[in-house]
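This is what each chain is made of:
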Amino acid sequence: MGDTPDEPMASFAALPPFPDDIPTAPLVTLSLAKLQNNDPQEIAEFYKIGKGLGFFYLDLRGCDEGKQLLHDAEALLEVEKQYFDLPLEEKRVSDREVVPGSDSFFGWKALGTLAVDPTGKTDRHEQLNYKKDDIVGNTEPLPIPELIRANKPLFKSFATSAFNVLHMLLNHLNDQLELPPGTLVNLHRLHEQSGDHVRLIKAPPPVGEPSLSAGPHTDFGSLTMLFNWIGGLQVVLPGASKEWVYVRPVPGCAIVNLGDALVKFTAGLLRSNIHRVMSPPGKQADMTRYSLVYFSRPENSVVLKRLKGGVIDQQPLSDKPEPEFTAKEWFLRRAHLNKKDKNWTPDNWTKSRGTEAGRGG
Ligand SMILES: O=C(O)CCC(=O)C(=O)O
Ligand SMILES: [Fe+2]
């Protein structure tokens, strides 16, 4: 992070530029400082985005919490690069397919282990999912390489700042939805167990033709805060279009999006938009792509169903009974059913789809 609020993040400086001649998604930029100061226009715009595209840039410059997040994201990018360069044996200490207590989700995910489409083609990215409950001490720590353990204070600083900012955003949605005060944040308490986690992602450049590093999906939880440095993230805009468009990474901003839980809580009033990760465009195409994410999810035992009260009561009732899942059942179902293991079938792919099933391939 630079010393002056408007200086781009140093980590962007050495990268080839994102191209200027390709279509990009028209994400609106909201100011964290304004949202923290309860600026009515900014809050109204946030609510409108929540009912529309469900993705926006959050400008983190100009307030202390935002600067802290930018600082931590820069530092974690360096940790990420070192982490993914560790020998395989070291990463395997937290292999999510092996480690007891990982729910086959938290820990290291090897490249090429998830299906990205109904034919069973596989992904091209590695991940580390470091659970919030472990970071803040709610649960016994899972095995993790020493590099990550040694950086736990940094992960804690990042996770708690991201958590606090996302809580603030949940409170604004709560007010706009005219729900009783605290309804949403009380389903997302820091010291209760949840699927919240910090995710590190590495996607190597494609071999040959451009290819998907992560398949189309909606996020499973409530709100996601994403840092990425080069292009690759794509969305299908709401409406009739089926076209995928790149989201340009913007220095000083995180990308925030809504997940399935908010769709279910609001009976479809809020939207969780489909997205995927493609190889980077233009001059960035040969680069290894890193991203860093904080996922906020409802507490494990919360049932994902429409909440009562406020403007949600005006939403039409569904004419078919909807199966109900707890937040934990939902994220594990979504995360496990597209694993490309010996039990995988095209039907599993269909079952792993979220609230935008049927859109965007
Ligand atoms: O790497 C990115 O830019 C997006 C990653 C993503 O969508 C996810 O991990 O859910
Ligand atoms: Fe995502």
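All of these numbers come straight from a predicted model, not from anything done at the bench.

> Please provide a residue-by-residue account of the overall build of the protein, values included.
Of the regular secondary structure elements, the protein holds eleven helices and twelve strands. Taking 21 Å as the expected radius of gyration for a compact globule of 361 residues, we find that the protein reaches 19 Å, a close match to that expectation. Seen through its principal axes, the protein has C-alpha atoms that stretch 55 × 55 × 45 Å. Considering only contacts within the protein whose residues lie at least 6 apart along the sequence, 78% involve residues at least 24 apart.

> So what about the site of ligand 1? Which residues, and what values?
Neighbouring ligand 1 are the residues Arg199, Ile201, Ala214, Asp219, Leu226, Asn228, Gly232, Leu233, His275, Val277, Ser291 and Val293. Elements with a contribution of two residues or more to the shell around ligand 1: strand S5 (197–203), strand S7 (223–228), strand S11 (275–278) and strand S12 (289–296). Of the residues contributing to the shell around ligand 1, the split by class is six nonpolar, four polar and two charged.

> Before we move on, can you summarise the nonpolar core with the specific residues and values?
Leu58, Phe158, Ala159, Ala162, Leu166, Met225 and Ala254 are the most contacted members of the largest nonpolar core, which has 85 residues in total. Top element by residues in this core is helix H8 (residues 152–176). It accounts for ten residues. What Ala254 contacts, discounting residues up to four positions off in sequence, is Leu58, Leu60, Leu69, Met225, Leu226 and Phe227.

> Hey, could you go over the sheet that holds S11 for me, with residue numbers and the actual values?
Strand order across the open sheet formed by four strands is S6-S11-S8-S9, with antiparallel pairing between neighbours. Both outer strands of the open sheet, strand S6 (212–217) and strand S9 (244–246), are each paired with one neighbouring strand and no more. Strand-to-strand, the axes of this sheet are offset by a mean angle of 30 degrees, without reference to chain direction. Here strand S8 (residues 233–236) pairs with S9 via three bridges, running antiparallel. In the sheet register, Val235 faces S9, and the bridge partner there is Val245.

> Got a sec to walk through H8? Specific residues and values, please.
Its 25 residues give H8 an end-to-end C-alpha distance of 36 Å, which sits within 8% of 36 Å, the value for a rise of 1.5 Å per residue. All of the buried residues in H8 are Phe155, Phe158, Ala159, Ser161, Ala162, Phe163, Val165, Leu166, Leu169, Leu170 and Leu173. Remark: Glu178 follows H8 within two positions and exhibits a positive phi of approximately 60 degrees.

> Run through the sheet that holds S7, naming residues and quoting values.
To summarise the sheet geometry, strands pair through backbone hydrogen bonds and adopt either a parallel or an antiparallel arrangement. Judged by pairing direction, the sheet is mixed, and its eight strands sit side by side in the order S1-S2-S10-S7-S12-S5-S4-S3 without closing on themselves. The sheet is open, and its two borders are formed by strand S1 (29–31) and strand S3 (107–109), each paired with just one other strand. Between one strand and the next, the sheet's axes are offset by a mean angle of 25 degrees, whatever the strand orientation. Relative to strand S10 (residues 253–258), S7 runs antiparallel, the two sharing four bridges. Within the sheet, the bridge partner assigned to Leu226 lies in S10 and is Ile255. Against the sheet, helix H4 (residues 64–84) makes contact with strand S4 (126–131), S5, S7, S10 and S12, and its axis sits at roughly 120 degrees relative to S12, the strand it touches most. Its contacts with the sheet put H8 on S4, S5, S7 and S12, and the angle it makes with S7 is roughly 130 degrees.

> Account for unusual backbone geometry, with residues named and values stated.
Its identity as a non-glycine residue notwithstanding, Asn38 has a phi of 60 degrees, on the positive side. One can find Asn38 in the loop between helix H2 (32–36) and helix H3 (40–51). At Ser104, a position not held by glycine, the phi torsion is positive, near 50 degrees. Positionally, Ser104 belongs in the loop between helix H5 (88–91) and S3. Ser104 sits in the partly exposed class, given 16 other C-beta atoms within 10 Å.

> Tell me what's going on with the UniProt feature "domain: Fe2OG dioxygenase" (unreviewed entry) in the protein, and back it up with residues and numbers.
Within this numbering scheme, the UniProt entry marks residues 194–298 as carrying the feature "domain: Fe2OG dioxygenase" (unreviewed entry). Note that residues 194–298 is 6% helix and 42% strand, and that its end C-alpha atoms are spaced 6 Å apart.

> If you had to explain the environment of Leu70 to someone new, which residues and values would you point to?
Along the polypeptide, Leu70 turns up in helix H4. For Leu70, a count of 23 C-beta atoms within 10 Å puts it in the buried group. Through-space distance from the C-alpha of Leu70 to that of Pro251 is 9.3 Å; in sequence the pair is 181 residues apart.

> Can you lay out the pairing of strand S2 (residues 55–59) for me, pointing to particular residues and giving the numbers?
With respect to burial, S2 is a largely interior element, four of its five residues being buried. Two elements, S1 and S2, share three bridges in a ladder whose sense is parallel. By the bridge assignment for S2, Thr29 is matched with Tyr57. Of the pairings in the sheet, the one linking S2 to S10 comprises five bridges and is antiparallel in character. In the strand pairing of S10, Leu58 is matched with Ala254.

Rules of the game
- Counting restarts for each chain: residues are numbered from 1 in the order of the written sequence.
- Whichever chain is written first is A, and whichever ligand is written first is 1; the rest continue in order.
- Under the rules for a predicted model, residues below a pLDDT of 70 receive no local features and side-chain atom pairs below 80 are neither given nor counted, while totals for whole chains, interfaces and linings still include all residues.
- In this description a helix means any DSSP run of H or I spanning at least four residues, a strand means any run of E spanning at least two, and both kinds are numbered starting from the N terminus.
- Computation of the radius of gyration draws on C-alpha atoms alone. For the globule rule, the value is 2.2 Å times the number of residues to the power 0.38.
- In this description, a residue-residue contact is defined by the distance between C-beta atoms placed from the backbone, which must lie within 7 Å.
- Whether a residue is near a molecule or strand depends on its C-beta atom, placed from the backbone, lying within 6 Å of it.
- Only Asp, Glu, Lys and Arg are considered charged in this grouping, and only Ala, Val, Leu, Ile, Met, Phe, Trp, Tyr, Cys and Pro are considered nonpolar; every other residue, Gly among them, is considered polar.
- As used throughout, a nonpolar core is a set of buried Ala, Val, Leu, Ile, Met, Phe, Trp, Tyr and Cys residues joined through C-beta atoms within 7 Å of each other.
- Three exposure classes are used, based on other C-beta atoms lying within 10 Å of a residue's own C-beta, which is placed from the backbone: buried for 20 or more, exposed for 12 or fewer, and partly exposed in between.
- Pairs of strands are assigned from DSSP output, requiring at least two bridges between the strands.
- Axis definition: a line fitted to C-alpha atoms, limited for helices to the stretch in contact. Angles are taken between N-to-C directions and run from 0 to 180 degrees.
- Helices are assigned an expected span. That span is 1.5 Å times one less than the residue count.
- UniProt positions are given in the numbering used here, feature names are shortened, and annotations may be inferred rather than shown by experiment.

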